[in-house]
Each structure stands twice: as C-alpha cells, then as structure tokens.
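Chains, contacts and geometry: an overview
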Amino acid sequence: MSYSLNVPVPGTVERLADELYPQLTAFDTVRNRHTLVVKRFENQPYDRLREALRLPLANEPTFEARIAGVDTFERPTRGDGPVVYLAVDSSGLLALHDRLVDRFGEIEGLEGDDYVPHVTLARGGSPSAVDALRDAEFDPVAWTVSELDVWSAEYREVVGTIPLRG
C-alpha cells in the first residue's frame, strides 16, 4: 500500500483554488482535492507506518506555510504536463521533509533535492493557459500547520491525523 504524509490544506487555500477555477477550465484535468505532500511512503502497511512515524513526529513543532504564487512543472516526473500549482514557501516544511527523507529514504525524482512544496491545481494546459495562470494576482495566503494527515492512495482518504506540538 502507498501512503503520503500531508499538510492539511486550509479553507483559505481551497477558496483561492476556487477563485482561480475559471482560468483552470482551459486545462485537461482540474484537481478537485487539494493536497500538500510532505513525504511519500510506498509499499508500507499502515500499522507499521503509523509506528514508524510515531518517534520522528513525537515532538515536531508547528510551522508556518505561505502560498508564494503560481508555478508549473513543464515535464513532471509522473503523469501528463504541464502541471500548474500553488507554490508553497515554508522553511519548516522543507526541514521536516529533509528529516523524514534522511530517516526513510527518498523517492527519486520527487523527494530530496527534487522536492518542491506545492498544491496541484491542474494538468495538461496550453502555453497560453499556463502563462495566464502564472500572471494571476491574489492576496497572500499564510497559515500555521498544526497537524499532518496520513493519506491512503488505495482508499483515497485520510486514514490518520498526527497533531504537531506547538
């Protein structure tokens, strides 16, 4: 089974994605569920993963995150491109990702030095659709990350929540 450890996306980010929706209709696929992946875990049973995460996350502090703009992966590691996304700026998130990669290893092409914190909006648009979205103006969105979710790829839902210590 495959899981990911995710930052829950707050309502303010969901509302921003909704505001951008008219520009997203020019893309082949629009993401309805918005996620912010911290670390992926492939071929792990949930009970073992839950126990493996207990110690490294036991005293993990809350951290700040901010939507820094719209950007793209022109040639994504997986799936069709381009991928347009909300770029996330968070030194705390990057530090947590690095600690988890050190402990559990990285998934090549997606993690370690290749990790880009983001919230995917859509895939498969024309260059003009990408440019229009990149030029979108919006107020900054910032929040405090106080918990992490374990997401099941098989069931496509959150199977556990881990509170962070503030």
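Read on for a plain summary of the structure. (Residues numbered from 1 in each chain as written. Predicted model: local features only at pLDDT ≥ 70, side-chain atom pairs only at ≥ 80, totals over all residues. Heavy atoms only, no water.)

**Details of the pattern of salt bridges**
Charged atoms that come close allow side chains of opposite charge to pair. Under the criterion given, the structure shown has 9 salt bridges. In this structure, Glu51 engages Arg54 in a salt bridge whose closest nitrogen and oxygen atoms are separated by 2.4 Å. Taken together, the residues span about one helical turn, with Glu51 and Arg54 both in helix H2 (residues 46-57) at a distance of 3 residues. The class for Glu51 is partly exposed, based on a relative accessible area of 42%. (Salt bridge = Lys/Arg side-chain N within 4 Å of Asp/Glu carboxyl O. Helix = DSSP H or I, 4+ residues; strand = E, 2+ residues; numbered from the N terminus. Buried < 20%, exposed > 50% of the residue type's maximum accessible area, 1.4 Å probe, protein only.)

**Thoughts on the side chain of His34**
Structurally, His34 is set in the loop between strand S2 (29-30) and strand S3 (36-41). Side-chain polar atoms of His34 contact the side chain of Glu14, separated by 2.8 Å. A polar atom in the side chain of His34 sits 3.2 Å from the backbone oxygen of Arg31. Setting aside residues up to four positions removed in sequence, His34 forms contacts with Val9, Glu14, Ala17, Val119, Thr120 and Leu121. (Polar contact = N/O pair within 3.5 Å; in protein donor to acceptor, adjacent residues only side chain to side chain. Contact = heavy atoms within 4.5 Å.)

**Re the pairing of strand S9 (residues 157-163)**
Looking along a regular strand, one sees side chains alternate from face to face of the sheet. Here 6 bridges tie strand S8 (residues 147-152) to S9, and the two strands are oriented antiparallel to one another. Residue pairing for S9: Glu147 is matched across the bridge by Pro163. Count of turn residues in the S8/S9 antiparallel hairpin: 4 residues, of which Arg156 carries a positive phi of about 55 degrees. (Pairing = 2+ DSSP bridges.)

**A word on a negative patch on the surface**
Side chains of Asp98, Asp102, Glu106, Glu108, Asp113 and Asp114 sit close together on the surface and give a patch of like negative charge. With respect to the helices and strands, Asp102 occurs in helix H3 (residues 91-104). (Patch = residues over 30% accessible without salt bridge, like charges linked within 9 Å, V, L, I, M, F, W, Y side chains within 5 Å. Areas by Shrake-Rupley, 256 points an atom, 1.4 Å probe, with all protein chains shown as cover. Lys, Arg positive; Asp, Glu negative; His and termini not counted. Charge placed at Lys NZ, Arg CZ, Asp CG, Glu CD.)

**Considerations on unusual backbone geometry**
Look at the link from Gly81 to Pro82: it is a cis peptide, with omega at -5 degrees. One non-glycine residue, Asn43, lies in the positive phi region at around 55 degrees. Mapping Asn43 onto the fold places it in the loop between S3 and H2.

That's the geometry; what it means functionally is another story.
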